[in-house]
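This is what each chain is made of:
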Amino acid sequence: MGGSSSKSLAKSSCCRIAHCQCGCESASQRSNKLQHRHQSWNAKAAYTLLGRVVTMAALIAALMLSTAAGYSSPRAPVVAGNWKMNPSTSAEAVALAEALEAVDGREVVVFPPTCYLDAVATKANKNVALGAQDVCVLAESGAYTGAVSLPMLKSMPRVDYVLCGHSERRSLFSDDDDAIRAKVRGALDAGFAAMLCIGETQQEYELGVTDDVCALQLAKALEGVTAAEMANIVVAYEPVWAIGTGLVCPADVAQRVHSSIRQRLRATYDSSVADSCRILYGGSVNPSVIDGLMRQSDIDGVLVGGASLDAATFGQIASFHTGWWRTRSFLKKVFRR
Ligand SMILES: O=C(CO)COP(=O)(O)O
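Since we're looking at a predicted model, the values are computed, not measured. (Residues numbered from 1 in each chain as written. Predicted model: local features only at pLDDT ≥ 70, side-chain atom pairs only at ≥ 80, totals over all residues. Heavy atoms only, no water.)

A. A look at the overall build of the protein. Regarding its fold elements, the protein presents 14 helices and 8 strands. In the protein, which comprises 337 residues, the share counted as buried stands at 40%. Intrachain contacts of the protein at a sequence separation of at least 6 include 71% that bridge at least 24 residues. (Helix = DSSP H or I, 4+ residues; strand = E, 2+ residues; numbered from the N terminus. Buried < 20%, exposed > 50% of the residue type's maximum accessible area, 1.4 Å probe, protein only. Contact = heavy atoms within 4.5 Å.)

B. Looking closely at the domain arrangement of the protein. According to the domain assignment, the protein consists of domain 1 (2–48) and domain 2 (70–336). Just the C-alpha atoms count here: the centres of domain 1 and domain 2 sit 82 Å apart. (Domains from an automatic or database assignment.)

C. Quick peek at the layout of surface pockets. When its volume is computed, the largest pocket comes out at roughly 760 Å³. Along its surface, the largest pocket is lined by 26 residues, and Thr114, Gln133, Asp134, Arg169 and Phe173 are the ones closest to its centre. Within the lining of the largest pocket, the residues separate by chemical class into 14 nonpolar, 6 polar and 6 charged. Approximately 200 Å³ is the volume attributed to the second largest pocket. Contributing to the lining of the second largest pocket are Pro74, Arg75, Ala76, Trp325, Arg328, Ser329, Lys332, Lys333 and Arg336. Considering only residue class, the lining of the second largest pocket consists of 3 nonpolar, 1 polar and 5 charged. (1 Å grid on protein atoms, 1.4 Å probe; cavity = no way out; pocket = protein on both sides within 12 Å on 5 of 7 lines; lining within 4 Å. Points joined across faces, edges and corners; volume = space filled by probe spheres on them. Nonpolar A, V, L, I, M, F, W, Y, C, P; charged D, E, K, R; others polar.)

D. Structural view of a nonpolar patch on the surface. Residues Phe330, Leu331, Val334 and Phe335 make up a contiguous nonpolar surface patch of roughly 430 Å² in combined accessible area. Mapping leucine 331 onto the fold places it in helix H14 (residues 325–336). (Patch = residues over 30% accessible without salt bridge, like charges linked within 9 Å, V, L, I, M, F, W, Y side chains within 5 Å. Areas by Shrake-Rupley, 256 points an atom, 1.4 Å probe, with all protein chains shown as cover. Salt bridge = Lys/Arg side-chain N within 4 Å of Asp/Glu carboxyl O.)

E. Representation of the site of the ligand within the structure. Near the ligand lie 14 residues; those nearest to it are Lys84, His166, Gly244, Ser284 and Gly306. At 2.7 Å from an oxygen atom of the ligand is found a main-chain nitrogen or oxygen belonging to serine 284. For the ligand, an oxygen atom lies 2.8 Å from a polar atom in the backbone of glycine 306. When isolated, the ligand has an accessible area of 300 Å², and the protein chains bury 94% of it. (Near = heavy atom within 4 Å. Polar contact = N/O pair within 3.5 Å; in protein donor to acceptor, adjacent residues only side chain to side chain.)

F. Just the pairing of strand S8 (residues 301–304), in detail. A two-sided burial pattern is seen for S8, the buried positions comprising Gly301 and Leu303 on one face and Val302 and Val304 on the other. With 4 bridges joining them, strand S1 (residues 78–82) and S8 adopt parallel strand pairing. Counterpart to glycine 81 in the pairing with S8 is valine 304. In this structure, strand S7 (residues 278–282) lies alongside S8, joined through 2 bridges in parallel fashion. By the bridge assignment, tyrosine 281 is partnered in S8 with valine 302. (Pairing = 2+ DSSP bridges.)

G. Expanded view of helix H7 (residues 177–189). Counted at 1.5 Å a residue, the expected span for H7 with its 13 residues is 18 Å, and the 18 Å between its end C-alpha atoms agrees. For H7, the complete set of buried residues consists of Ile180, Lys183, Val184, Gly186, Ala187 and Leu188. Contacts made by the buried residues of H7 are with helix H5 (150–154), strand S4 (159–164), helix H6 (167–172), strand S5 (193–198), helix H9 (210–221) and strand S6 (233–237). Positive phi shows up at glycine 191, right after H7, with a value of about 95°. (Expected span 1.5 Å × (residues − 1).)

H. A look at the packing of H9 against helix H10 (residues 251–268). Contact geometry of H9 with H10 gives a least axis separation of 10 Å together with a crossing angle of 40°. By the angle between their axes, H9 is oblique relative to H10. Every pair of crossing elements has a handedness; the one defined by H9 and H10 is right-handed. Packed against H9, whose contacting residues are Thr210, Asp211, Cys214, Ala215 and Leu218, the element H10 presents Arg256, Val257, Ser260, Ile261, Arg264 and Leu265 at the interface. (Axes fitted to C-alpha atoms, helices over the stretch in contact; angles between N-to-C directions. Parallel < 35°, antiparallel > 145°, perpendicular 65-115°, else oblique. Left-handed = near helix turned anticlockwise from the far one by under 90°.)

I. Inspection of unusual backbone geometry at higher detail. Here the residue pair asparagine 86 and proline 87 is connected by a cis peptide bond, since its omega of -15° sits within 30 degrees of zero. Position of proline 87 relative to the elements: it lies in the loop between S1 and helix H3 (90–99). Of note in the backbone geometry, lysine 84 takes a positive phi value of approximately 50° without being a glycine. Within the secondary structure, lysine 84 sits in the loop between S1 and H3. Among the residues examined, lysine 84 registers a relative accessible area of 22% and is labelled partly exposed. The phi dihedral of arginine 158 falls on the positive side, at around 65°, and the residue is not glycine. Inspection of the secondary structure puts arginine 158 in the loop between H5 and S4.

J. Quick peek at the packing of aromatic side chains. In total, this model carries 4 aromatic pairs according to the counting rule given. A cation sits over an aromatic face here: lysine 154 above phenylalanine 192, 4.4 Å from the ring centre. The residue whose ring lies beneath arginine 169 is phenylalanine 173, and the NZ or CZ to ring-centre distance is 3.9 Å. (Phe/Tyr/Trp six-rings, centres within 6.5 Å; stacked < 30°, edge-to-face > 60°. Lys NZ or Arg CZ within 6 Å of the ring centre and 35° of its normal.)

Spelled out as structure tokens, the structure:
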């Protein structure tokens with residue numbers, strides 16, 4: 001008994017000796033062990049922190065990349081389809097209307113021939129807006145063979161828009177600046193939104209006068225339109241050389257023209273009109289070019305011709321990549337409150 005207690009005493013006292021040779025754990029060994037444990041804890045904490053920083057950085061980078069890759073305009077996007085003089089039968093128009101899909105987070109509008117408007121209004125998804133391709137503003141009714149007046153359009157269900165100034169109306173039906181201005185005025189007075197098309201010919205494009213041509217067409221068509229009325233104007237930049245040719249205006253060129261149109265609106269009205277007016281691009285739009293166009297900060301949508309006659313293709317165009325646009329708009333709304 002006494003022997004074992006003296007042994008343990010010897011051990012406990014000897015362990016306090018820094019360089020003890022007895023095989024027991026010396027104070028310095030214990031301190032080394034503690035230091036080692038401390039170091040490995042520090043390394044673990046550093047790794048965890050590093051891991052968190054890397055994950056955060058990756059998330060931020062993904063967020064930024066995703067934002068950059070998606071729709072970047074601050075305005076609500078519009079995807080419009082101008083059916084022109086198509087399809088050939090009412091049955092086909094109804095089938096096309098039935099196949100149209102509304103896509104969440106963007107305004108989808110179609111412009112069928114006027115004679116199909118009623119049938120399309122009955123069959124199309126309720127979230128797809130409708131517009132008329134043209135209107136006669138010479139009178140409300142009377143001896144104007146072949147014409148359709150504003151009150152007639154007004155009596156149709158679900159018609160919100162009137163297309164004004166399309167280049168085919170300008171070139172094939174002799175709609176001049178005065179006629180276009182009168183249609184814009186009539187549409188606004190009747191409570192429609194006007195989708196105003198402007199754009200240069202191939203020759204004007206080659207001469208480098210695109211901005212001047214667009215500015216002139218814009219000024220003439222909007223003469224007398226007030227800043228408040230501009231809320232019901234959508235501008236569509238449609239370079240004539242890109243319509244129905246398969247030649248799409250390069251996205252950066254279209255962006256430059258859109259930005260110049262917006263500058264004109266800023267100079268004519270004010271920043272609030274310029275910043276809220278939606279400017280669409282039209283001319284051979286197809287699913288392979290839509291994302292590139294919609295990434296441009298001044299392109300707020302597209303006006304599609306040929307590709308809008310196939311509901312699946314039009315649906316693909318309407319489903320363009322929005323990136324974080326909706327999240328950003330939601331956050332903006334929340335923080336503005
Ligand atoms: O004119 C257009 C839309 O109004 C564009 O037509 P495309 O898309 O067929 O070129």
